[in-house]
Structures are given as structure tokens and as C-alpha cells.
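Here's the letter readout for the chains.
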Amino acid sequence: MAETSAETANSYEISIDHLTYTHREGVSPSLSDVTIHLPKGSRTILVGANGAGKSTLLQILAGKRLISTPGVDVRIKGRDVFRKTPAGITFLGTEWAMNPVVRGDIVVSDFLNSVGGYRHKDRRDRLLDILDVDLDWHMHQISDGERRRVQLVMGLMGDWDVLLLDEVTVDLDVLVRDDLLTFLKDDSEKRGATILYATHIFDGLNNFPTHVAHMHLGTFLMEPTPWPWASGSMGATSVDLGPHPTLYTVALQWLREDRDRRRMLENQGRKPRGARAGTIPSDSETFYKKYDYSH
């Protein structure tokens, strides 16, 4: 008897079939016919330029954006993320540190206790050491990077099963970031936890993922593929990067090719980016030229 699509989805920790998503009516989709299947315990890096759809995909998996299109199946741990949301999903994104609530005058120790830190003392204390957090910090007096460390302690101190990371290490110094990635890799291997991580920082990341994926303009040019690649594989790049390319080298080549693809579409009528040579001055340009006192 053939396995049904639901049975196939349930055999993966993260499963998406034929997902198309548009932020608002009348604009091009942010995601187009996306299908991915990730096994339990995998650590997948999403590679793509700004606007490729990485954040939208992670927000949908976290249940932050509702999908109502018939036939679309989005599951984590075999359960629909919108109708039967499973426990154990943690989403960490960059917007948290800008929330006025977490920028108020509250001591870090009180803040962590207010979100249940006392229930996870062992993991909390280990993360406090890894992320080098001072429990006496006041949230309104610390830097964005220090506030990010507090966010990571808060988000990771519970026993998560699926971790969705959206550029959340961007504010960390290189030492703390490396210690955090070591912790996450160890946690994933010991507990079979699954990580999907969108980032633009690839230094020191070569030994972290089990899979890499390439997104461009809302689609997967390469679905999650085991990493490192087999010797001699070109790995969906237009040039041979050698037998053992680094993730940084691969990402750099992919992004070059993505820019070339986009510019080709612009030559075919897509709205172009960059300077607009020879255009008629806009009303704002005409206005501000009268009152430009910078010279």
C-alpha cells in the first residue's frame, strides 16, 4: 500500500508541501510552491540574499503567519502548526531586542525568573556562563548585543525540540557566537533536537550544519541537502569550487549567481534596483534642492 502524503509528512520533524504565501493581495508571492522535509536531529542552514523569503518561512513554521490556502500542509513533529501546534517549538528572531517591554528598567535576574528561569536552573545557568551574562544588568542600560544574549538565555533554557533561528546571532561577538554554536550542536546531537537557522554570517559555521539549502526570490534553488557535499560535487553552483568547499565559499558563489539572475529578470522587465540614470527629478528632489545647506 502506497504511503500517503500525511504519513510521509509525519515521518519528518519539519515538513512543508506546496506552500505559496503572499503578504498582501496584488503583490508577487514571498514564497512560491515551497516543499521541504527535514529529519529529526538535523541542523539546516538557510542561505539566501535579503528578501529571499527566509524570515517569512521561519515565521510561518513558528505559527506567526496564518496560512489558509487549501492543499498546503505545514507540519512540525507530525502536527499542523496552525491547528494542532506541537509543544517544544522555539522561535528566536531579531525583532525581540527592539521590543519596548524588554528595554525597560528591569534587572536580568528578575526578567529571567519572570519567564520561568527558576524551572530550568541547570540549563539556564549553563547558558548564563556560555553567553557571559551578568544577572545584575539592567535591561535598559545594556547594549543590543548584551540584550541579545539575554534573549538567547530566555529562549534556549527550556528543553526545545525544534529551534527556528532568524539572524539571531548577528549582534554577538565572535567568541560568544562560537561558544553558542558549539552548545547548540552538542544539544542537537545529544537530544535529537532539530535546528533551522537563517543567517548571513558563515565564518566558523562550516562544521555546524547537517544540511544546507539555497533560497532565491521565494523558492528553493536547492532544497535542504546533506552537508558537507561529497568530494567533487559542484553542489548546484555554476562553477567548480573544488573538492572541499567551505560554507562561506558556497554562500558567496550562490549570492553572486542570485544577483546575476535578478539582474537578468530586471532586463526582462522586473523593477530594477540601484541608481536611476537619466530620470526626471522627483518632486522631493526639486524641493530639497532649494533648501540644501550642506555646501
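Bear in mind that the values here come from a model prediction, so they are computed numbers and not experimental data.

A look at the packing of helix H4 (residues 121-130) against helix H6 (residues 174-191)
Consideration 1: Taken N-terminus to C-terminus, the directions of H4 and H6 make an angle of 150 degrees; their axes are 9 Å apart at the nearest point. In terms of their interaxial angle, H4 and H6 are classed as roughly antiparallel. Residues Arg123, Arg126, Leu127 and Ile130 of H4 form the contact with H6, whose own contacting residues are Val176, Asp179, Leu180, Phe183, Asp186, Asp187 and Arg191.
Consideration 2: Of the residues contributing to the contact of H4 with H6, the split by class is five nonpolar, no polar and six charged.

Looking at the environment of aspartate 129
Consideration 1: Checked against the element boundaries, aspartate 129 lands in helix H4.
Consideration 2: On the basis of relative accessible area, aspartate 129 is assigned to the exposed category, the value being 64%.

Details of the domain arrangement of the chain
Many authors give the size of an interface as the accessible area that is lost as the parts come together.
Consideration 1: One can read the domain layout of the chain as domain 1 (10-88 + 161-173 + 191-269) and domain 2 (97-159).
Consideration 2: For domain 1 versus domain 2, the distance between C-alpha centres works out to 28 Å.
Consideration 3: The interface is formed by seven residues belonging to domain 1 together with nine residues belonging to domain 2.
Consideration 4: Contact with domain 2 buries area across many residues of domain 1, yet Val168, Asp171 and Leu172 alone supply 58% of it, more than any other trio.
Consideration 5: Our count for the domain 1 to domain 2 interface comes out at two salt bridges.
Consideration 6: Taking the shortest distance from any N to any O, the salt bridge between aspartate 173 and arginine 149 comes out at 2.8 Å.

Concerning the layout of surface pockets
It is a probe the size of a water molecule, rolled over the atoms, that shows where empty space is left.
Consideration 1: In this structure, the largest pocket occupies an estimated 590 Å³ of space.
Consideration 2: Lining of the largest pocket is provided by 24 residues; of these, Asn50, Gly51, Ala52, Leu217 and Arg273 occupy positions nearest its centre.
Consideration 3: Per element, the largest residue contribution to the lining of the largest pocket is five residues, and it comes from helix H7 (residues 247-267).
Consideration 4: Here the residues of the lining of the largest pocket sort into six nonpolar, 11 polar and seven charged.

Observations concerning H6
Consideration 1: For H6, with 18 residues, the first-to-last C-alpha span of 26 Å sits near the 26 Å given by 1.5 Å per residue.
Consideration 2: Here H6 has its buried residues at Val176, Arg177, Leu180, Leu181, Phe183, Leu184, Asp187 and Ser188. For H6, the arc enclosing every buried residue in end-on projection is 160 degrees, short of the 170-degree limit, so these residues lie on one face. The outward face of H6, more than 90 degrees from its buried face, is lined by the exposed residues Val174, Leu175, Glu189 and Lys190.
Consideration 3: Looking at the packing, one finds that the buried side of H6 touches strand S3 (43-47), H4, helix H5 (144-156), strand S7 (162-166) and strand S8 (194-198).

Some words on the sheet that holds S7
Consideration 1: Spatially, the six strands line up as an open sheet ordered S6-S7-S8-S3-S9-S10, and their pairing is mixed. The open sheet has two edge strands with one neighbour each: strand S6 (89-93) and strand S10 (219-226). Averaged over neighbouring strand pairs, the angle between their axes works out to 10 degrees when direction is ignored.
Consideration 2: Of the pairings in the sheet, the one linking strand S9 (residues 211-216) to S10 comprises five bridges and is antiparallel in character. When the sheet's bridge partners are listed, histidine 211 is paired in S10 with proline 226.

Each value, and the rule that gives it
Residues numbered from 1 in each chain as written. Predicted model: local features only at pLDDT ≥ 70, side-chain atom pairs only at ≥ 80, totals over all residues. Heavy atoms only, no water. Axes fitted to C-alpha atoms, helices over the stretch in contact; angles between N-to-C directions. Helix = DSSP H or I, 4+ residues; strand = E, 2+ residues; numbered from the N terminus. Parallel < 35°, antiparallel > 145°, perpendicular 65-115°, else oblique. Contact = heavy atoms within 4.5 Å. Nonpolar A, V, L, I, M, F, W, Y, C, P; charged D, E, K, R; others polar. Buried < 20%, exposed > 50% of the residue type's maximum accessible area, 1.4 Å probe, protein only. Domains from an automatic or database assignment. Buried area = accessible area lost by both parts, 1.4 Å probe. Salt bridge = Lys/Arg side-chain N within 4 Å of Asp/Glu carboxyl O. 1 Å grid on protein atoms, 1.4 Å probe; cavity = no way out; pocket = protein on both sides within 12 Å on 5 of 7 lines; lining within 4 Å. Points joined across faces, edges and corners; volume = space filled by probe spheres on them. Expected span 1.5 Å × (residues − 1). Arc of directions from axis to C-beta. Pairing = 2+ DSSP bridges.

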